[in-house]
Structures are given as C-alpha cells and as structure tokens.
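Read off the chains here:
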Amino acid sequence: MQHFFAPSLLKQLPGFMPNLTLRLHKLMLAASLLVPAGLFSAAALHNRAEVLREGQDALTRTTSVMDEHARKVFETGDLVLGRLDDRIHNLSWSEISAPETSAFLAQLKARLEQVVSIWVTDAQGMVRAGSQSWDPVVTIASRDFFQAQRERDAGTYVSAPFRGKATQTASFAVSRRRSTSDGRFDGIIHIALSPDYFAHYYASTLLGSGQTATLLRADGVVIARTSPHDIDVPLPTRDRFKRRIAQTPQGGSFVSNAGEEGRERAYAYRAVGTYPLYVVFRADIAAMLSRWHANLAVFGAVAGVASLMLLLMSWMALRGVQSAAMAMAQLTATMDELQRETAQREAAEQRVRQVQKMEAVGQLTGGIAHDFNNLLMAILGSMLLLRKRLPAGDDRALRLLDNAVQGAQRGASLTQRLLAFSRGQALKPDVVHIPELVRGMAELLRSSMGAIVQVETSFPPALAPAYVDANQLELALLNLAVNARDAMPEGGLLTISGRDDLVSAGQLTELPPGHYVVLSVIDNGEGMDEATLARCMEPFFTTKGVGKGTGLGLSMVYGLAAQSGGRLVLHSRQGEGTTAELWLPRAEARQAMAAQPNSALCEERTMPRTSCTVLLVDDDPLVLASTTTMLEDLGHAVVAATSGREAMDILRAGAKVDLVVTDQAMPGMTGLQLASQLQLLHSQMPVMLITGYADRTELTTATMPLLYKPFSQSALEAAIQSCLSERQRAAE
C-alpha cells in the first residue's frame, strides 16, 4: 500500500507545485492592492466619525468653560451689589449723595475689569452716587432695568445692551431694587458690565477657526458675541435655537444648516447657573473636519506602504527565501526572548529595591502625618470652640478666626496627601466607570490646562470598570494632568486613555495575577532624565521652582495605586514626554454587589440627643484637652485618661461610663488592644476609635466605629449618638 501511494504522489507534484505557486502569487498580488484600499476606506470613515465626535465633545467642554466664566462674573456682580446694599442700607439719600459713597463705588469698580460703572439711583431715576462723574440732570427712568424694578421686585435683573449715558461705552446692567421699610419702591442699585470683556475673553481663550461664542438672555437678546452683530436685535421667535432652549432648558447640542451660505454648523449651549442667561458655542463642520482631511494623507501613506510591503513579500515568495527568512526569524526571536527575559529580571530587581525604599519612606511619612494630625486636631478643635464663644457683631475677629480655620484645614489636606503616599488614609472603594469619571472632570481639566494645552481622551467602548475610591482617583488624575501641563510650558497635547490588561501568573511584576484597568495620562512635554524618573515619586521631591509645587502629587498617586491593589508606572525620556500609567484592579461582580448601598443604613434617622459620661483616652495632652472641651461643650461628662492602662485602672476602680472614645496609635497599648481588654471587663461597653493614622490591615480588622482626625465637633457628636443608639437597640 505504501509503495503504491508514494510514486503516484511524486508524479503529481511537478505539475501541482507551479500551479499552486502561480495561484498564490496572483492572490497575494490582488491582496496587496485590495486589502490596503479596504483598510484605508474603513479607517477614513471611522476617523471622520471620531473627529466629529471629538469636535462635538470639545464644543460641550468649551460651553462648560464659558458657563463657569459667566457664572463667576455674575456671582461677583451679585457680591458687589450685596456689598453696596449693605453699605447704603440705613443711609438717607443726602448721605448716599455724599462724595464718600461715590468714592467707595470708584474703589469697588477699580478692581473689576469686567465692570464699566456702578450706580445708585433714586425712585425718579436720578443718579445719586456713581463710580465716576455724571450729569446730574440725566435720568435713567427709561431704561428697561429701571422700569422692571419699579414695576415689581425683579430680583437680580440683567438688561439688554445699551450705550451708557455717562460712560459712552457699550454696556449691559445688572440691577437690584431698593425698597422703603413699608415696601414702596425707593430706587435701584446697578452695575454696568462690559460686553466687550466677554467678547475679548472668548476670542483670546476659546476660539479657533470657524468658531463663534455668544452670551444671550433666555428671551433671545444677545448680550455679547465674538462676531459682528446687532446686540439690540433679539433672535427670531421661530429660531431653531430658541426651540432647542424650550425643549432642553439646561443645555444641549445640535447640528444645523444656518446662515445665508447654508453652512453646516455644530452648536452647544448651556444655562448660566440660575440666571436667565445662556452661553452658546458654534463651530463650522468644515473646520472641524480639517484635521480629518490631514489624517487622510497619513492613512493614504500607510496604505501605500502596506501595498508596497505586500508586493515585496510576493516577490520574496517567488525567490524562494521563505525558509531562510523563517530560520533567521526564529534565531532572532530566540535572541530577543533571551534579552527580554534578562531585562525583565533586572527590571524586577530594580522594582523590588524601589518598593523597599518607598515602603521605608512611607512608614516615616505616616508617622509624621499622625503627629501632624494630632496638632491639627488640637488647633481646629480649639478654634471651632472659640468661634462659638465670640461675641456677636465682632466680624473682624470672626474673619481672622475663619482664616486660621481655613489654614488648619489646608494643613489637614496636606496630611491626607502624606497619608495617601504612606497608604494610611481611609479609602472608600467603589465600582468606577473611568470614561464617565473623566467626562465629569472635563470642565475642571479644561480650566486647569489652559488654552495652550489640548486635551484628548480615548477609551474603548467596552472598558471594564475599576474598583477604586472615585474621589481620590479624580484627585490623582488632576495631579497627573497638572504635572503634564507644567511639563509643556509652550503648550502641547495631553492624552487621557484607558485599556484592559491582564497580569498572568509567572510575570515578573509586583502586581498579583489578575485583570486590571490601566488609566494612561500622556504628554509630549519636556520629559524626565533617568535620575529624576528614579526619584519623582518620593515625597517632597520636585523639580519645580519655589512656591510652584509641594512634591506630593506623584507621591499621592503612588500611594492611592498601591493602597487600591494596583501600581503607578512612569515612562519618560528627556525631550520625548512622559506616560503615567495607573494600574487599578478591575471591578468584579462581587464588588459591584458590595458597592450597592444598604438602604437600611442609608436611611436618615432622627436620633434623640443623649448626654452621657465618656471615658476619653489619648496620649497627646493637646488632643486630650481639645476633645474634652468639645465633649463638655456638648453637655457630656468626661473622664480623661492618657493611656490604655490608665483607662483600664479607672474602669476597674468602678468608674461609671457610658462610652469609651480612644485614640488608636498610643504607646504601650493601642486603641484596638484597649477595646479587646474592655471586652473581657465590660462586654457591652461601646468603644469608638479616633485616629490620625493607622495601618490599613489594622483598620480592616476593626469592627467598631472609627473617626479620623482632625474632626469637627458636629462629627464627634454624630458618632457618639450613633454609638449610643446602637447600644440601645442592642439592649432592646
């Protein structure tokens, strides 16, 4: 059988092989032309849709920036009107007409570039005080913002644009009504804002080719615009844009053929806070597609190169060099594999050394943060108690005390960053969809980056969610973005992207095997040299000038990644930019279930306030004194102890207490150890921990309430009442 088959097969091979080779050649030749052409067409269509989507997203982000800017301007106007109203509230018209009032208005106006003038007008429309000189016989009784307030209390009223009689400058007014004690109309106060201020801001900050920005009232009256227009003419009643506002009053976007040229344009609009105003941003679709046209040339070049490569491969197939090339490729692959394994081992050893170093620095940092939190606890607690005891009407002392409280709170924020690096902060991990989180930060990122930095995002449609603390992740992303901005002083491109990745068993990495979500922040800035890259995640290490950075940004990101079960990976070369990769564990189904709130716990309960006797334990005398004062101010009796052993001695001596509040990190006996001892002596005694820093493993094993320093008096009282309520329910 074998001898019969082999000769027959050999006879067929001489004719079979050339035919097969010819057919393969024809197929490869056709494929070398058709495949790149098909890929070019598909890529071009996909890229066009992507460019349009990104352009629409850019419009939406720009309207968010315009909205934030407009809200700040009008909120500042409200503050100015409020301050002016407070100043003249109890003054007679003769006192208001005194030169001192006009001098005060001139001082207010001088600091605000968006303000043209500030005025106080009586019930007849005659100006009684102003930020600049005026004709006393001139009246503003015919102005719409005066008439609207005379007819009724219109609140904060925004007028149509006009040319000021005293300033001869294009303006629009924001007015408030003044009333007598019996409710009669007694004139108005108003500020005149500059439409040109908005137009210049839009032109210098937001606009590109084929784009227009507009600020208008809800009734269609244009307040400010960057293109030539008649500001006194409202939009037509049947205008498509006004119909869009009626359908979606908070904001939205759409595409329309507008103007005599019939150009296709994209619009985005947004309501300005609670004011009857809208910001509108428009861009020509043709301008948005200019980047796509440039991309077509790149795609064509890629397709041409692909065709050339396929033709070359066909020629190489005819030359019969496949076997030699395969052998060489196998040899090269073997050498590359050996080199890759060697590099991986060296990188793993370097990572281990770096991790050990960062762990040592983290322990030191955590200790510093603990001591600093104790100081802040004493400072904040004392200042907040002092604030309650200030006599009424001492506004200057109240402002000074509020400034001190804000400074202490900033110190608390600094300790949170230190704790983030040392993995000593309390995290609230949850299922987080990163694309949604980034979209929610778009306005903040845009304003933080400025006009010279372009921000792009790229996320796959089916990107898995991550399991991480969303608030801390937002702060980490903002830190990475600000670092990227500072590395691009002349402007550049910031790309935020995401992907799913898998760490397999046996890979040389400090991450455990499993699925991860990788959030990447990429810039094309200055980059870092090897020495800077090796130290950039150390606390307080910074290459920025004095006052331009704390050196805690990357440290915080590093700590968040490590505490979340992931890692921060940096790739950078000097002159080539930096890529920061935040590896985060992928959210599993069980985590998604755990992330759903317990309705029984989330329901607000009105608990009766109960006074009790508290055994307070803390080794820091300042914290002990401050917390004791807080508790006594709340009506509780306090028994103080400076250590766990002293607390046990007090209880053994027969002291009657309702609750034990103890610090966690104390020498000799920690708070958890004290709680364990109390279980043996008083099994029903409720215990609450307070801490400025605790190791994560200790926190996860704690089953009792936990309050982090520095805390407010209200937070302390809420925690105490919760403990007492739990004890009462357990007793029932």
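Residues numbered from 1 in each chain as written. Predicted model: local features only at pLDDT ≥ 70, side-chain atom pairs only at ≥ 80, totals over all residues. Heavy atoms only, no water.

**Re the overall build of the protein chain**
Each helix and strand in the protein chain was counted, giving 22 helices and 23 strands. Expressed as a percentage of its 732 residues, the buried residues of the protein chain come to 42%. By sequence separation, contacts in the protein chain at least 24 residues apart represent 66% of the contacts at least 6 residues apart. Working note: accessible area of the protein chain is about 38900 Å², and carbon and sulfur atoms make up 56% of it. (Helix = DSSP H or I, 4+ residues; strand = E, 2+ residues; numbered from the N terminus. Buried < 20%, exposed > 50% of the residue type's maximum accessible area, 1.4 Å probe, protein only. Contact = heavy atoms within 4.5 Å. Areas by Shrake-Rupley, 256 points an atom, 1.4 Å probe, with all protein chains shown as cover.)

**Let's talk about the environment of S209**
Mapped onto the elements of the fold, S209 is located in the loop between α5 (195-205) and β7 (211-217). The class for S209 is exposed, based on a relative accessible area of 63%. A sequence separation of 77 residues divides S209 from A286, and the C-alpha atoms of the two residues are 9.9 Å apart.

**Details of the pattern of salt bridges**
Summed over the entire model, instances satisfying the criterion amount to 19 salt bridges. Between D122 and R128 there is a salt bridge, with the nearest N and O atoms lying 3.0 Å from each other. The class for D122 is buried, based on a relative accessible area of 4%. By relative accessible area, which is 27% here, R128 ends up partly exposed. Measuring nitrogen to oxygen at the nearest pair gives 2.9 Å for the salt bridge that ties R265 to D284. Of the two residues, R265 sits in strand β10 (residues 263-271) while D284 sits in strand β11 (residues 277-284), which places them 19 residues apart along the sequence. Neither R265 nor D284 differs from the other in exposure class; each is buried. Because the salt bridges share partners, they merge into one network encompassing D67, R71, R270 and E443. (Salt bridge = Lys/Arg side-chain N within 4 Å of Asp/Glu carboxyl O.)

**Things to note about the nonpolar core**
Core analysis: the largest hydrophobic core is formed by 48 residues, its most contacted members being F74, V120, F198 and L215. Here this core gets 12 residues from one element, more than from any other, and that element is helix α1 (residues 2-88). Not counting chain neighbours up to four residues away, the residues in contact with F74 comprise V158, F172, V174, L193, F198, L215, Y275 and L277. Ranked by size, the runner-up nonpolar core spans 39 residues in total, among them A466, Y558, L560 and A580. (Core = buried A, V, L, I, M, F, W, Y, C linked by side-chain atoms within 4.5 Å.)

**What to know about the confidence of the model for the protein chain**
With 77% of its residues at a pLDDT of 70 or more, the protein chain shows a mean pLDDT of 79. Across residues 592-607, where pLDDT falls below 50, the model places 10 contacts with residues more than four positions away in sequence or in other chains. (pLDDT = per-residue confidence, 0-100.)

**Observations regarding unusual backbone geometry**
K709 connects to P710 through a cis peptide bond whose omega is -10 degrees. Phi is positive for Q168, close to 55 degrees, though the residue is something other than glycine. Inspection of the secondary structure assignment puts Q168 in the loop between β4 (162-163) and β5 (170-179). The exposure class assigned to Q168 is exposed, which follows from its relative accessible area of 51%.

**Some remarks on the pairing of strand β15 (residues 492-503)**
Bridge count between strand β13 (residues 453-458) and β15: 6 bridges; the pairing is parallel. Of the residues in β15, the one forming a bridge with V455 is L494. Where β15 meets strand β16 (residues 514-523), 10 bridges bridge the pair, whose relative direction is antiparallel. Bridge pairing in β16 links L502 to H515. (Pairing = 2+ DSSP bridges.)

**A closer look at helix α20 (residues 671-681)**
Of the residues making up α20, those classed as buried are G671, L674, A675 and L678. In an axial view of α20, the angular spread of the buried residues amounts to 100 degrees, which keeps them on one side of the axis. Contacts from the buried residues of α20 go to β19 (613-617), α19 (644-652), β21 (659-663) and β22 (687-691). (Arc of directions from axis to C-beta.)

**Looking at the sheet that holds strand β23 (residues 706-708)**
Taking strand neighbours across the sheet as the criterion, the 5 strands line up as β20-β19-β21-β22-β23 in an open arrangement whose pairing is parallel. Only two strands of the sheet have a single partner each, and these edge strands are β20 (637-641) and β23. Strand after strand, the sheet turns through a mean of 20 degrees between neighbouring axes, direction not considered. When β19 meets β20, the two strands line up parallel, connected through 5 bridges. Directly across from V614, in β20, lies its bridge partner V638. (Axes fitted to C-alpha atoms, helices over the stretch in contact; angles between N-to-C directions.)

**A look at the side chain of S626**
Structurally, S626 is set in helix α18 (residues 621-633). Judged by relative accessible area, S626 falls into the buried class, the value being 4%.

**Let's talk about α5**
Those residues of α5 that fall on the buried side of the exposure criterion are P195, Y197, F198, A199 and Y202. Here α5 starts with a cap whose side-chain oxygen sits 3.2 Å from the backbone nitrogen of D196, and that cap is S194. (Polar contact = N/O pair within 3.5 Å; in protein donor to acceptor, adjacent residues only side chain to side chain.)

**What to know about a nonpolar patch on the surface**
Where nonpolar side chains cluster on the molecular surface, the patch consists of V305, M309, L312 and M316 and spans about 340 Å² of accessible area. In this structure, V305 sits in helix α8 (residues 290-318). (Patch = residues over 30% accessible without salt bridge, like charges linked within 9 Å, V, L, I, M, F, W, Y side chains within 5 Å.)

**Side note on the packing of helix α12 (residues 442-449) against helix α13 (residues 470-486)**
Running from N to C, α12 and α13 cross one another at 25 degrees; their axes reach a closest spacing of 10 Å. Here α12 is positioned roughly parallel relative to α13, judged by the angle of their axes. Between α12 and α13 lies a crossing whose hand is right-handed. The segment α12 lies against α13, with L444, L445, S448 and M449 engaging L478, A481, V482 and R485. (Parallel < 35°, antiparallel > 145°, perpendicular 65-115°, else oblique. Left-handed = near helix turned anticlockwise from the far one by under 90°.)

**Here's the deal with the sheet that holds β13**
Reading across from one edge, β13-β15-β16-β18-β17 is the order of the 5 strands in this open sheet, with mixed pairing throughout. At either margin of the open sheet sits one strand with a lone partner, and together these are β13 and β17 (567-573). The sheet shows a mean angle of 20 degrees between the axes of neighbouring strands, direction not considered. Summarising the sheet, β17 and strand β18 (residues 577-585) pair through 7 bridges and their orientation is antiparallel. Bridge assignment links S572 to a residue of β18, and that residue is T578. Packing against the sheet, α13 makes contact with β13, β15, β16 and β18, and its axis sits at approximately 35 degrees to β16.

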